[in-house]
Amino acid sequence: AQSVTQPDIHITVSEGASLELRCNYSYGATPYLFWYVQSPGQGLQLLLKYFSGDTLVQGIKGFEAEFKRSQSSFNLRKPSVHWSDAAEYFCAVGGDDKIIFGKGTRLHILP
Amino acid sequence: KAGVTQTPRYLIKTRGQQVTLSCSPISGHRSVSWYQQTPGQGLQFLFEYFSETQRNKGNFPGRFSGRQFSNSRSEMNVSTLELGDSALYLCASAAGQGNTIYFGEGSWLTVV
């Protein structure tokens, strides 16, 4: 069955520290992979996506993610977080039929 | 280019009533999908329309329905509202299957 797992419900990091949000998926073929961010009361904004090619993808706001087929993972990283990065982050996987979202990871930033 | 537009942004309804939410996709996008987001269940897929045809459907009761018009605008309807239907309803559009989906700001529905 197709699924997306974000094992961390909440993550707290200090401002300026590095960040890695984990995402594991189960999918029959090579999927399309996405990371979205949602600020309180807002819709979801696309951070980055992987369709094919280079497995390290760059996104907006200084985020990047690496597709590791052997680990079925697509972890999101940022070298130095800012207070404005506090939000909920969703990993998603899809193909030609539909997109499935993880439960989300809420990121808290300590000043 | 304008983004996905959803109306209304906020609404309060009473149990047993029905509600219709509207979504205007990004210009040129022919696929519109709907999601329900709640704190307990997260993001759940409701259905997806492409060229006025429902292509995919999530696991929701028949009280939840939708449609898409020839201009790609979409509506979703929830009849006989229940308290558990209180949620953020998100609409997303895409150029087609397998393309990136872009979300609107959502419609906050509160059922009292």
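Located above this text is the structure these notes cover.
So, how was this worked out
Residues numbered from 1 in each chain as written. Chains lettered and ligands numbered in written order. Predicted model: local features only at pLDDT ≥ 70, side-chain atom pairs only at ≥ 80, totals over all residues. Heavy atoms only, no water. Helix = DSSP H or I, 4+ residues; strand = E, 2+ residues; numbered from the N terminus. Rg over C-alpha atoms; globule rule 2.2 N^0.38 Å. Buried < 20%, exposed > 50% of the residue type's maximum accessible area, 1.4 Å probe, protein only. Phe/Tyr/Trp six-rings, centres within 6.5 Å; stacked < 30°, edge-to-face > 60°. Polar contact = N/O pair within 3.5 Å; in protein donor to acceptor, adjacent residues only side chain to side chain. Contact = heavy atoms within 4.5 Å. Pairing = 2+ DSSP bridges. Axes fitted to C-alpha atoms, helices over the stretch in contact; angles between N-to-C directions. Core = buried A, V, L, I, M, F, W, Y, C linked by side-chain atoms within 4.5 Å. Salt bridge = Lys/Arg side-chain N within 4 Å of Asp/Glu carboxyl O.

A.B. asks: What's the story with the overall build of chain A in this structure? I'm lost.
C.D. replies: Of regular secondary structure, chain A possesses 0 helices and 12 strands. Beginning at the N terminus, the succession of helices and strands in chain A can be written as β-β-β-β-β-β-β-β-β-β-β-β. Taken against the 2.2 N^0.38 rule, which gives 13 Å for 111 residues, the C-alpha radius of gyration of chain A at 13 Å falls within 12% of a compact globule. If you line up chain A on its principal axes, its C-alpha atoms span 40 × 30 × 20 Å. Residue burial in chain A is summarised as follows: out of 111 residues, 47% are buried.

A.B. asks: Is there a simple way to explain the packing of aromatic side chains in this structure?
C.D. replies: Here the distance between the centres and the angle between the planes together describe a pair of aromatic rings. All names here are of chain A. Applying the stated rule across the entire model yields 14 aromatic pairs over all chains. Seen in terms of ring centroids, Y36 and F101 are 5.6 Å apart; in terms of plane orientation they differ by 50°. Their pairing is tilted. Note that Y36 is positioned in strand β5 (residues 32-38) and F101 in strand β11 (residues 99-101), a separation of 65 residues in sequence. This pair shows no difference in class: Y36 is buried, exactly as F101 is.

A.B. asks: When you look at the side chain of Q38 of chain A in this model, what are you seeing that I'm missing?
C.D. replies: Within the element layout of this structure, Q38 of chain A appears in strand β5. Looking at Q38 of chain A, the relative accessible area reads 8%, which means it is buried. At 2.8 Å, the side chain of Q38 of chain A forms a polar contact with the backbone oxygen of Q42 of chain A. Apart from the residues within four sequence positions on either side, Q38 of chain A is in contact with G43, L44, A87, E88 and F90 of chain A together with Q37, L88 and L90 of chain B.

A.B. asks: Which parts of the structure should I look at to understand the sheet that holds strand β1 (residues 5-7) of chain B?
C.D. replies: Within a beta sheet, neighbouring strands are joined by backbone hydrogen bonds and run either parallel or antiparallel to one another. Residue and element names in this part refer to chain B. Pairing within the open sheet is antiparallel, and its 4 strands lie in the order β1-β3-β8-β7. The open sheet terminates on both sides in strands that have one partner only, identified here as β1 and β7 (64-68). Direction aside, the axes of adjacent strands within the sheet are offset by 20° on average. Sheet analysis places β1 next to strand β3 (residues 19-24), joined by 3 bridges and oriented antiparallel. Looking across to β3, one finds that T5 is bridged to S24.

A.B. asks: What am I meant to see in the environment of I9 of chain A here?
C.D. replies: Residue and element names in this part refer to chain A. With respect to the helices and strands, I9 occurs in the loop between β1 (3-5) and β2 (10-14). With 40 residues separating them along the chain, I9 and K49 place their C-alpha atoms 21 Å apart. Among residues more than four places away in sequence, those in contact with I9 are G104, T105 and R106.

A.B. asks: Would you mind going over the nonpolar core with me for this structure?
C.D. replies: Soluble globular proteins tend to pack their nonpolar side chains together in the buried interior. If you look at the biggest cluster of nonpolar residues, it comprises 28 residues, and the most contacted ones within it are L19, W35, L47, L48, F74, L76 and Y89 of chain A. Among the elements of the structure, β2, β3 (19-21), β5, β6 (44-50), β8 (64-68), β9 (73-78), β10 (87-94) and β12 (105-110) of chain A are those that each provide at least two residues to this core. Here this core gets 4 residues from one element, more than from any other, and that element is β10 of chain A. Judged by nonpolar contacts, the second largest core, of 21 residues, contains V19, V32, A87 and C91 of chain B.

A.B. asks: I tried to follow unusual backbone geometry on my own but got confused; where do I start?
C.D. replies: For residues other than glycine, phi is negative in most cases, and the peptide bonds are mostly trans. All names here are of chain B. Between T7 and P8 the backbone carries a cis peptide bond, its omega angle lying at -10°. Along the chain, the position of P8 falls in the loop between β1 and β2 (10-13). Not every positive phi belongs to a glycine, and T80 is a case in point at roughly 45°. Along the polypeptide, T80 turns up in the loop between β8 (74-78) and β9 (87-94).

A.B. asks: Please clarify how the interface of chain A and chain B should be interpreted in this entry.
C.D. replies: As a measure of interface size, the accessible area lost when the parts come together is often cited. On the chain B side, the residues contacting the 19 residues of chain A number 19 residues. Joining chain A to chain B, the criterion identifies 0 salt bridges. The tally of links from chain A across to chain B stands at 4 residue pairs in polar contact (both at pLDDT 80 or more). Residue assignment for the side of chain A that touches chain B shows that the elements contributing at least two residues are β5, β6 and β11 of chain A. Among the elements that take part in the side of chain A that touches chain B, β5 of chain A stands out by supplying 4 residues, more than any other.

Without other data, these values stay purely geometric and don't point to any function.
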